[in-house]
Amino acid sequence: MRCYINGIIHPMTEESLVYHSIATNQGVIVHIDDHIDLKQCESIVDLKGNHLYPGFVDAHLHLLGYGEHLSTLNVSSCHTKEALFELLDQHLNKPFVFAQGYIDIGITKHDLDKRYKDQMILLRHNDFHGLTLNQKALDHFNVSDETGILKELKAQHVLDLIPKHSKEELSEMLKKALEKLYHYGITGGHSDDLFYYNGFDETYSVFEDVLKTHPFRTHLLMHHEVIDDFIKSKKSWGVQNPYLELGGVKMFYDGTMSSQTALMKDPYLKSSHHGEVVMGKDFFENTLIKTRSHGLTAAIHVIGDQGLDDVCELLLKHPPRQGFKDRIIHAPWLMKKTLPKLIDKPLTIDIQPPFLASDLPRAYTLFSKKPEYEFPWKTYLDHQIIISGSSDAPVEDPNPLIGIKDAIFRRSREDMHVYQKEESLSSFEAIKLYSTYAHAQSIYGKKGYIKEGYVADFTVLDLDLMHAHEHAFNGNHVVMTIIDDVIVYTRKL
Ligand SMILES: [Zn+2]
């Protein structure tokens, strides 16, 4: 038995309830406070007055994508062409220059061609739905385009042609991601990775191997393009081992706001178009039907308000098996008429609080008319719709403290305004997004509360999130990260 003592322990069952000690055995909480006999403890962890929460989880991210992001050139800090060129100039030692995180500042292939003739330049857009290439790169991939700016399927086509990482490189990327997440106090994540790299089997085995040395509660979505590989693998859906689960089938209904491909009820301001159904409506519905035919659940990317309404209708037409829940990923814009279609339905929503802080007010410059609800998290909770907190990393930094802060304060990082204060969550609700509710789709073990019988996954902070001021969320507050009773991170003093 191990005892964690001298802590302020937030069980997340009631807002004001705190404990001071817990005892664990074989990765499970066995006693709390008075019921602990210290004489029986083989090891003692002194929490030194710090705050212990159920382990924080990111409900939607891309673990390998995040590892790749941590390992490659990132240009997301470049807000002018000059700044971007200056950074690229420092990385011209390879014939193929791949940069991530490009914020669309209007660079075309002509800008790139003027400066870079010897290298292939490839800028991956920060929304992951577009690429900008110079002529040399376009030629290499045998793609012709006037601007060099490729979106959605055309961009994916080029990404598919990029030389793959070796298995060892993927393992290193995953370890890098997990170590950074430990440092953020994260004990688990629901990730979409199985299609984008070395195929279902090899990517799966990378997870299986790395998780043996790097414990992390990993729930992997299965991209619709790998359903056949999954069936062929004869693996079963759900729990593979205490650290690995296979979950819903990831599919994309629409695109993104910044690419103006999110499907909106009202057209975008400078054009008459409403966005798009990226897979095509028939293909999407057939994919959903195929998903059901294998008894699987769906994990659907949808951003636009019209897109969300369409998805609700399709899920109603093709519901999951009794007792199973689908997940909707994103859903930041909502029409009034769609709300009842989300209530009492077998689904959960993965929301990204940092999107509000990053995307507003720029999104308003794209709309001809504001959507009826914007990032309506309080509305979702008030209607008992389960929402889970996430970062979509590498799109956003996966630091959960930032997500919790954004869910409470709803302040834009661009103009520092607070948007729709009435949709703010309480601190308790916001912490739950990343602890209790983040497990809405988890399968293995009991997670998300400090209770007897629940797993020993803990996040220890030097900050009382329940009462913290807005500015206090910045900085590193993680003292310890514990997964399955193993301390995977301790802050160095
Ligand atoms: Zn994503």
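Scoring rules and cut-offs
Residues numbered from 1 in each chain as written. Predicted model: local features only at pLDDT ≥ 70, side-chain atom pairs only at ≥ 80, totals over all residues. Core = buried A, V, L, I, M, F, W, Y, C linked by C-beta atoms within 7 Å. Buried ≥ 20, exposed ≤ 12 C-beta atoms within 10 Å, placed from the backbone. Helix = DSSP H or I, 4+ residues; strand = E, 2+ residues; numbered from the N terminus. Contact = placed C-beta atoms within 7 Å. Pairing = 2+ DSSP bridges. Axes fitted to C-alpha atoms, helices over the stretch in contact; angles between N-to-C directions.

So, on to the nonpolar core. One broad trend across soluble globular proteins is that nonpolar side chains are buried collectively. Ranked by size, the top nonpolar core spans 111 residues in total, and within it Leu-174, Met-222, Ile-300 and Ile-404 carry the most contacts. The element best represented in this core is helix α6 (residues 167–183), accounting for seven residues. With near-sequence residues (within four places) excluded, Ile-300 lies in contact with Met-251, Tyr-253, Val-311, Ile-328 and Ile-329. In this structure, Ile-107, Tyr-116, Leu-123 and Ile-149 belong to the second largest nonpolar core, which totals 20 residues.

To continue, consider the sheet that holds strand β22 (residues 458–461). Read from one edge to the other, the open sheet built from five strands follows the order β2-β6-β22-β23-β24, with strand pairing classed as mixed. In this open sheet, the two edge strands, each paired with only one partner strand, are β2 (8–9) and β24 (486–490). In the sheet, strand β6 (residues 51–54) pairs with β22 via four bridges, with the strands oriented antiparallel. Each bridged residue has a counterpart across the sheet, and for Pro-54 the counterpart in β22 is Phe-458.

Looking now at helix α13 (residues 400–409). Within α13, nine of the ten residues are buried, leaving the element largely enclosed by the surrounding structure. Those residues of α13 not exposed but buried are Pro-400, Leu-401, Gly-403, Ile-404, Lys-405, Asp-406, Ala-407, Ile-408 and Phe-409. Buried-residue contacts for α13 involve β7 (56–61), β12 (186–192), α11 (353–359), α12 (377–382), β21 (387–389) and α14 (427–434).

Taken in spatial order, the four strands line up as β4-β3-β1-β5 in an open sheet, and their pairing is mixed. Both edges of this open sheet fall to β4 (28–32) and β5 (43–46), since each of them pairs with a single strand only. Recorded for the sheet is a direction-independent mean angle of 25° between the axes of neighbouring strands. Note that strand β1 (residues 2–5) and β5 share four bridges and pair parallel. Paired with Tyr-4 across the two strands is Val-45, which belongs to β5.

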